[in-house]
Amino acid sequence: RYLAYLSASGKLETSVASITSGGDLSRSILLQVMSQSKPKNLAEALVVKFANDSGGKAPKMKENASPAEKLFLAETASWNSYYEASLPVYEDLRTEFDQMFKLREKLASLYRSMKQMENARAEYENLGALNPSSKKYATLAGEIAMETGDVQTAILNWNKIIDASPADAERYLEVATIFWDYYF
């Protein structure tokens, strides 16, 4: 919602420009980018420009960008559907804040969307190791393993749901449902 507010109020492009080392952000360059790629607004044009300048990689940030500024830039790129540009920034943030579940969930989701299945599965498995009581991460890691044809890894991940709380009958039912969905 915050990005939508900044975009509607015309402040998003200023915010993005303030945390990048784009240097030459003249209106004429942005208008040229806008005419070539047909973005919806100047904020999207900025993201397009940075994505194009860096070959689809993360926009260049100023050297002393804070983690908050990096997260803002990654969220802005992602919000504008430039996932390839946001991915390296999220990866960089993960190394700094490996205990931030929402950040790591976003990264795993991006990996999965971009068909980087091994990275996505590993990220969900790591999240599951950090929070073994959560059924969500083991389920997702198992689903990705099945999607890539690795049945044994899928079974190992799904069995972690039961292993986390063997006395919980609901967990057995959930795992049985997962196996039913995939095998029958």
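Rules of the game
- Residues numbered from 1 in each chain as written.
- Predicted model: local features only at pLDDT ≥ 70, side-chain atom pairs only at ≥ 80, totals over all residues.
- Heavy atoms only, no water.
- Helix = DSSP H or I, 4+ residues; strand = E, 2+ residues; numbered from the N terminus.
- Buried < 20%, exposed > 50% of the residue type's maximum accessible area, 1.4 Å probe, protein only.
- Contact = heavy atoms within 4.5 Å.
- Areas by Shrake-Rupley, 256 points an atom, 1.4 Å probe, with all protein chains shown as cover.
- pLDDT = per-residue confidence, 0-100.
- Core = buried A, V, L, I, M, F, W, Y, C linked by side-chain atoms within 4.5 Å.
- Phe/Tyr/Trp six-rings, centres within 6.5 Å; stacked < 30°, edge-to-face > 60°.

Trainee: How should I be thinking about the overall build of the protein in this particular structure?
Mentor: Within the protein, the secondary structure is distributed over eleven helices and zero strands. Counting only residues that meet the buried cut, the protein has 40% of its 184 residues in that class. Taking as baseline every contact in the protein between residues at least 6 positions apart, the subset at least 24 positions apart corresponds to 50%. By element, 54% of the accessible surface of the protein is carried by carbon and sulfur atoms, the whole surface being about 10,000 Å².

Trainee: Help me understand the confidence of the model for the protein, please; the structure alone is not making it clear to me.
Mentor: On average, residues of the protein carry a pLDDT of 78, and 65% of them reach 70 or more. Highest mean pLDDT in the protein belongs to helix α8 (residues 117–130) (96); lowest belongs to helix α3 (residues 27–37) (46). Here residues 22–34 is a poorly scored stretch, pLDDT under 50, and it has 24 contacts once near neighbours within four places are set aside; other chains count.

Trainee: Would you mind showing me how to read the nonpolar core here?
Mentor: Nonpolar side chains tend to gather and get buried jointly when the protein is soluble and globular. Within the largest apolar cluster, 18 residues are counted, with the highest numbers of intra-cluster contacts made by L87, Y90, L107, Y111, Y124 and I144. Among the secondary structure elements, those contributing two or more residues to this core are α6 (83–96), α7 (101–113), α8 and α9 (135–147). Counting residues in each nonpolar core, the second largest holds ten residues, with M146, W158, I162 and I178 among its members.

Trainee: Sorry if this is basic, but what is going on with the environment of G128 here?
Mentor: Position of G128 relative to the elements: it lies in helix α8. For G128, a relative accessible area of 18% gives the class buried. Between the C-alpha atoms of G128 and A138, which are ten residues apart in sequence, the distance is 5.9 Å.

Trainee: Honestly, the environment of A85 in this entry has me stumped. Any pointers?
Mentor: Among the secondary structure elements, A85 is positioned in helix α6. For the pair formed by A85 and A74, sequence separation is eleven residues and the distance between their alpha carbons is 7.6 Å.

Trainee: Sorry, what's going on with the packing of aromatic side chains here?
Mentor: Counted according to the given criterion, the structure contains three aromatic pairs. Seen in terms of ring centroids, W158 and F179 are 5.5 Å apart; in terms of plane orientation they differ by 85°. Their pairing is edge-to-face. Note that W158 is positioned in helix α10 (residues 151–163) and F179 in helix α11 (residues 169–183), a separation of 21 residues in sequence. In terms of burial, W158 and F179 fall into one category: buried. An aromatic cluster of at least three residues, connected via ring pairs, comprises W158, F179 and Y182.

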